[in-house]
Amino acid sequence: MIAEVLSETSVKMDKAVEVAKEDFATVRSGRANPQLFQRLLVDYYGSPTPLEQLASVNNTDARSIVITPYDKSAMKEIEQAIRDAPNLGVNPTNDGQIIRVTMPELTEERRKEYVKLVRSKGEDARVSVRNIRRKGKDDLDALKGELGDDEVARGEKELEQITKAHTDAIDEALKRKEAELLEV
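Keep in mind the model is a prediction, meaning the values are calculated, not measured.

Cut-offs applied
- Residues numbered from 1 in each chain as written.
- Predicted model: local features only at pLDDT ≥ 70, side-chain atom pairs only at ≥ 80, totals over all residues.
- Heavy atoms only, no water.
- Helix = DSSP H or I, 4+ residues; strand = E, 2+ residues; numbered from the N terminus.
- Rg over C-alpha atoms; globule rule 2.2 N^0.38 Å.
- Buried < 20%, exposed > 50% of the residue type's maximum accessible area, 1.4 Å probe, protein only.
- Areas by Shrake-Rupley, 256 points an atom, 1.4 Å probe, with all protein chains shown as cover.
- Expected span 1.5 Å × (residues − 1).
- Contact = heavy atoms within 4.5 Å.
- Axes fitted to C-alpha atoms, helices over the stretch in contact; angles between N-to-C directions.
- Parallel < 35°, antiparallel > 145°, perpendicular 65-115°, else oblique.
- Nonpolar A, V, L, I, M, F, W, Y, C, P; charged D, E, K, R; others polar.
- Core = buried A, V, L, I, M, F, W, Y, C linked by side-chain atoms within 4.5 Å.
- Salt bridge = Lys/Arg side-chain N within 4 Å of Asp/Glu carboxyl O.

Chemist: So, the overall build of the chain: which residues are in play, and what are the values?
Modeler: In terms of helices and strands, the chain carries five helices and six strands. When the helices and strands of the chain are read in sequence order from the N terminus, they spell out α-β-β-α-β-β-α-β-β-α-α. In terms of C-alpha radius of gyration, the chain reaches 21 Å, well past the compact-globule figure of 16 Å for 184 residues. Seen through its C-alpha atoms, the chain measures out along the principal axes to roughly 70 × 40 × 20 Å. Expressed as a percentage of the 184 residues in the chain, the buried residues total 39%. Of the roughly 10,500 Å² of accessible surface on the chain, a fraction of 49% belongs to carbon and sulfur atoms.

Chemist: Break down helix H1 (residues 2-25) for me, with residues and values.
Modeler: When the terminal C-alpha atoms of H1 are compared, their 35 Å separation across 24 residues agrees well with the 34 Å that a helix rising 1.5 Å per residue should span. Considered for burial, the residues of H1 that qualify are Ile 2, Val 5, Leu 6, Thr 9, Met 13, Ala 16, Val 17, Ala 20, Asp 23, Phe 24 and Ala 25. Residues of H1 that are buried sit in contact with helix H4 (108-142) and helix H5 (149-182).

Chemist: Run through the packing of H4 against H5, naming residues and quoting values.
Modeler: With their axes 10 Å apart at the nearest point, H4 and H5 run at an angle of 170° to one another. Relative to H5, H4 is oriented roughly antiparallel. Among the residues making up the contact of H4 with H5, the classes are represented as twelve nonpolar, six polar and eleven charged.

Chemist: Provide a residue-level description of the nonpolar core, including the pertinent values.
Modeler: Phe 37, Leu 51, Ile 67, Ile 78, Ile 82 and Val 101 are the most contacted members of the largest nonpolar core, which totals 22 residues. Breaking this core down by element, the ones donating at least two residues are helix H2 (51-54), strand S3 (55-61), strand S4 (64-69), helix H3 (75-84) and strand S6 (99-102). By residue number, the principal contributor to this core is H3, which donates four residues. Counting 16 residues, the second largest nonpolar core, distinct from the first, contains Leu 6, Ala 20, Val 129 and Ile 132.

Chemist: Summarise the pattern of salt bridges; cite the residues concerned and give the values.
Modeler: Tallying each qualifying case throughout the model produces 16 salt bridges. Residue Asp 139 pairs with Lys 135 through a salt bridge whose shortest N-O separation is 3.1 Å. Pair noted here: Asp 139 and Lys 135 are both in helix H4, with a separation of four residues, about one helical turn. Overall, the relative accessible area of 25% leaves Asp 139 in the partly exposed class. Residue classification places Lys 135 among the partly exposed positions, given a relative accessible area of 42%. Its salt-bridge partner being Glu 172, residue Arg 176 comes within 3.9 Å of it at the nearest N-O pair. Of this pair, Arg 176 and Glu 172 both sit in helix H5, four residues apart, roughly one helical turn. Given the relative accessible area of 46%, Arg 176 is considered partly exposed. Of the residues examined, Glu 172 reaches a relative accessible area of 37% and is grouped as partly exposed. Connected through shared salt-bridge partners, Glu 123, Arg 126, Arg 130 and Asp 171 make up one network.

Here you go:
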């Protein structure tokens, strides 16, 4: 019973860490990265559609991204979605076949803003992990009647170790992203 609760909690925390890493990848760091466009939604025939379903996204060099739409009639909507995307600050160009996006250099001030944004996302991820821990602790407390207090206490200690490992993973990913952002 305790093993099931801990296993379920660990799986949920793994997902929270993965979401945090994906969130960090969507913050631009000066280099062109197709992941920046991963969560971009395009208004395609009236419904928000992920860009990756409408076009292929490739980087040609360190500062350029080429977007090749599968449906050429969606080019204007894709361009508009890129222009309106927060935290990108880019202006796409369209040659009728492909959309080219050149990433401008980040200023020191903008880098610091992005570091604040990433730290905020990191704190949100840590809060998410702590909420999962709280749910796991509640599940363990519910087992106190069926199992001995010692077993439940051991389960809670193990839960704390799992939580610490996951928050450390988030902190490590955050540290890597901050270093990437501040690298000139």
